[in-house]
Amino acid sequence: MTPEKLKVAVATPLSEALCALIESRLPEIELMRDQSLLPPMRHPADFAGDPAFRRTPEEEARFDAMLCEADVLYGIPDVDPQRLAKIVEANPRLRWVHVMAAGGGGQVKAAGLSADALERVMFTTSAGVHGGPLAEYAVFGVLAGAKQLPRIVAEQRDHHWGGRWMMGQISEQQVLVLGLGGIGREVARRLSLLDMHVLGVSRQQRMVPHVDEIIPPSQLREGVRRADAIVIALPGTEATEGLIDAELLAEMKPGVTIVNVGRGTVIDEPALIEALKRQHIGLAVLDVTASEPLDQASPLWDLPNVLLTPHTAALSESEDRLIAEFFADNARRYLNGEALRNRVDTVEFY
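Being a predicted model, the structure only gives us computed values, none of them experimental.

Thresholds applied
Residues numbered from 1 in each chain as written. Predicted model: local features only at pLDDT ≥ 70, side-chain atom pairs only at ≥ 80, totals over all residues. Heavy atoms only, no water. Core = buried A, V, L, I, M, F, W, Y, C linked by side-chain atoms within 4.5 Å. Buried < 20%, exposed > 50% of the residue type's maximum accessible area, 1.4 Å probe, protein only. Helix = DSSP H or I, 4+ residues; strand = E, 2+ residues; numbered from the N terminus. Axes fitted to C-alpha atoms, helices over the stretch in contact; angles between N-to-C directions. Parallel < 35°, antiparallel > 145°, perpendicular 65-115°, else oblique. Left-handed = near helix turned anticlockwise from the far one by under 90°. Contact = heavy atoms within 4.5 Å. Nonpolar A, V, L, I, M, F, W, Y, C, P; charged D, E, K, R; others polar. UniProt positions renumbered as here; feature names shortened; annotations may be inferred. Pairing = 2+ DSSP bridges. Polar contact = N/O pair within 3.5 Å; in protein donor to acceptor, adjacent residues only side chain to side chain.

Quick notes on the nonpolar core
Okay, step 1: Judged by nonpolar contacts, the single largest core of 53 residues is most densely connected at Ile22, Leu73, Tyr74, Val97 and Phe123.
Okay, step 2: A total of 6 residues in this core trace back to one element, the largest contributor, which is helix H12 (residues 319-335).
Okay, step 3: Core analysis: the second largest hydrophobic core is formed by 31 residues, Met252, Ala275, Leu276 and Leu294 among them.

With respect to the packing of helix H6 (residues 131-146) against helix H8 (residues 182-193)
Okay, step 1: Their axes nearest at 8 Å, the elements H6 and H8 cross at an angle of 50°. Between H6 and H8, the angle falls in the class oblique. Once H6 is placed against H8, the crossing between them reads as right-handed. Residue-level inspection shows Gly131, Gly132, Leu134, Ala135, Glu136, Ala138, Val139 and Val142 of H6 in contact with H8, the latter providing Ile183, Glu186, Val187, Arg190 and Leu191.
Okay, step 2: Per-class residue counts for the contact of H6 with H8 are 8 nonpolar, 2 polar and 3 charged.

Describing the UniProt feature "domain: D-isomer specific 2-hydroxyacid dehydrogenase NAD-binding" (unreviewed entry) in the chain
Okay, step 1: Under the UniProt annotation, the feature "domain: D-isomer specific 2-hydroxyacid dehydrogenase NAD-binding" (unreviewed entry) is placed at residues 142-313.
Okay, step 2: Along residues 142-313 the backbone is 28% helical and 18% strand, and the end-to-end C-alpha distance reaches 14 Å.

Some words on the packing of helix H1 (residues 16-25) against H12
Okay, step 1: Where H1 meets H12, the closest approach of the two axes is 10 Å, and the angle between their N-to-C directions is 25°. The angle between the axes of H1 and H12 places the two elements in the roughly parallel class. As for how H1 packs across H12, the hand of that crossing is right-handed. Across the interface between the two elements, Leu18, Leu21, Ile22 and Arg25 of H1 pack against Asp320, Arg321, Ala324, Glu325, Phe327, Ala328 and Arg332 of H12.
Okay, step 2: Of the residues belonging to the contact of H1 with H12, the class tally is 6 nonpolar, no polar and 5 charged.

Some remarks on the sheet that holds strand E2 (residues 29-32)
Okay, step 1: Taken in spatial order, the 5 strands line up as E2-E1-E3-E4-E5 in an open sheet, and their pairing is parallel. Looking at which strands have only one partner, the edges of the open sheet turn out to be E2 and strand E5 (122-124). Across the sheet, the mean angle separating the axes of adjacent strands is 20° when strand polarity is ignored.
Okay, step 2: Here strand E3 (residues 72-74) pairs with strand E4 (residues 96-98) via 3 bridges, running parallel. By the bridge assignment for E4, tyrosine 74 is matched with histidine 98.
Okay, step 3: Across the sheet, H12 lies against strand E1 (6-10), E2, E3, E4 and E5, angled at about 160° from E4, the strand it touches most.

Observations regarding the side chain of aspartate 46
Okay, step 1: Along the chain, the position of aspartate 46 falls in the loop between E2 and helix H2 (57-67).
Okay, step 2: A distance of 2.8 Å separates the side chain of aspartate 46 from the side chain of arginine 42, its partner in a polar contact.

What follows is the structure, encoded as structure tokens:
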């Protein structure tokens, strides 16, 4: 008797080419999907899809029925934590959900699942897939601070040929990397190649490749006093919320560059705004903010020492393929009874 295949439901937009890639690597699975039930993507990695997309009631019923047959979900349906909670409750055979975001633990937490559900269903994220693009953005931010990019742009805009000034040399500077997961390690690698002295903050006192010094969290104040640039690559959890507060900002070296490629909630935003207004912070390069989209009334829009991007630094043409390949590798591990990579910690949700 032929064993039943592992049923994987595609719950988020995924091209037929990538569906075929997963199937070619895993003939042991049944990849269930109906492209008519998934919103069209507006750009690569647009897992929420076109917001104008709507299903009819009959289509909604078909979509739910497919999800409730699955052992595994590829993505959170409609990137909606409440819909995830509904499917987890309605589908007792569900055992694993792969989340598209690197920081997908926050989406799992928002679903408010019971302890029994969290025990039954494993969650994994796509952490690591975004490491390269986010590390490039971090390098851009550190260089922008050292070379005073806002001043360059302003003087060119005003047709002002000012006097020459000394630009910072990052090879003579120190960078503090907060968060040494996949993204933070790649940030450290790339900045070390530019001869920066790399400090890393970690609860585990093991050395990390390309990190010159490991600093325990208890010595964070001492670390920020030394840093010419600080790169934040931390997830958004209760433990990290507001970690960069007014007191810590005051300890930083005057003129420091802050680059945030983690989560906006890590920084106390009102305190950051005040430090930027005083120009104690030389430049903040922010791909994330505490609330997204950023309120139109936020001073961050207009401060001359801020560079803002709308949570877009991780996007690349290859992201969809890399996530599909990562999922295929994890699915192979699942079928072989091996530990899955990037499991969500369902206590701290990262």
